[in-house]
Amino acid sequence: MWSAITGAALLFLTDNAVIWLAAGNNWLLPTGAVTAIFGAPLLIALLPRLKTRHRRPEAPMRTDLARHHLRLRLALAIVLSLAVVALAFFIGRSGTGAFTLLRPDLFAAIGGLRAPRSA
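Quick caveat, the model's predicted, so the values are computed rather than measured.

Topic: helix 1 (residues 2-22)
One turn of an α-helix holds 3.6 residues; hence residues three or four places apart share an orientation. Across its 21 residues, helix 1 extends 30 Å between first and last C-alpha, which sits within 8% of the 30 Å expected from 1.5 Å per residue. Among the residues making up helix 1, those that are buried are Thr14, Val18 and Ala22. Buried residues of helix 1, viewed axially, fall in a sector of 50°; they line one side. The outward face of helix 1, more than 90 degrees from its buried face, is lined by the exposed residues Trp2, Leu13 and Trp20.

Next comes the structure, spelled out in structure tokens:
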């Protein structure tokens, strides 16, 4: 879970830094390259923590409890995914670059352009 949060935060910060740096210039930096510049030292710093040998086997869980937790996690993942898709349709950037809600009168014109976000 922490790896996903850390990766999302790294990408978000890198993307905003690239946008901020390129705002006054006519050149663009690829976000992936800048993410690699920031992410490579982080990966190298975390590699010694990776344990590939001598892993202890996990204690066996009761199967009914494990199934219940799996179903609960799956249901939560589905609900969160649907919420993110809904937000992708109704929240976007305005002409000034600020995040804004899509007005209902513009949804017919712009809604088709926002559909690929969820595909």
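Quick word on the side chain of threonine 14
Note that threonine 14 resides in helix 1. The class of threonine 14 is buried, set by a relative accessible area of 2%. In this view, threonine 14 contacts Thr31, Val34, Thr35 and Phe38; residues no more than four positions away in its chain are not counted.

Considering the side chain of threonine 35
By secondary structure assignment, the location of threonine 35 is in helix 2 (residues 31-46). If sequence neighbours within four positions are ignored, threonine 35 has contacts with Leu10, Leu11, Thr14 and Ala40.

Examining the environment of leucine 42
With respect to the helices, strands and loops of the structure, leucine 42 is situated in helix 2. What makes leucine 42 partly exposed here is its relative accessible area of 36%. Put simply, leucine 42 and leucine 10 are 32 residues apart on the chain and 10.0 Å apart in space, counted from C-alpha to C-alpha.

Thresholds applied
Residues numbered from 1 in each chain as written. Predicted model: local features only at pLDDT ≥ 70, side-chain atom pairs only at ≥ 80, totals over all residues. Heavy atoms only, no water. Helix = DSSP H or I, 4+ residues; strand = E, 2+ residues; numbered from the N terminus. Expected span 1.5 Å × (residues − 1). Buried < 20%, exposed > 50% of the residue type's maximum accessible area, 1.4 Å probe, protein only. Arc of directions from axis to C-beta. Contact = heavy atoms within 4.5 Å.

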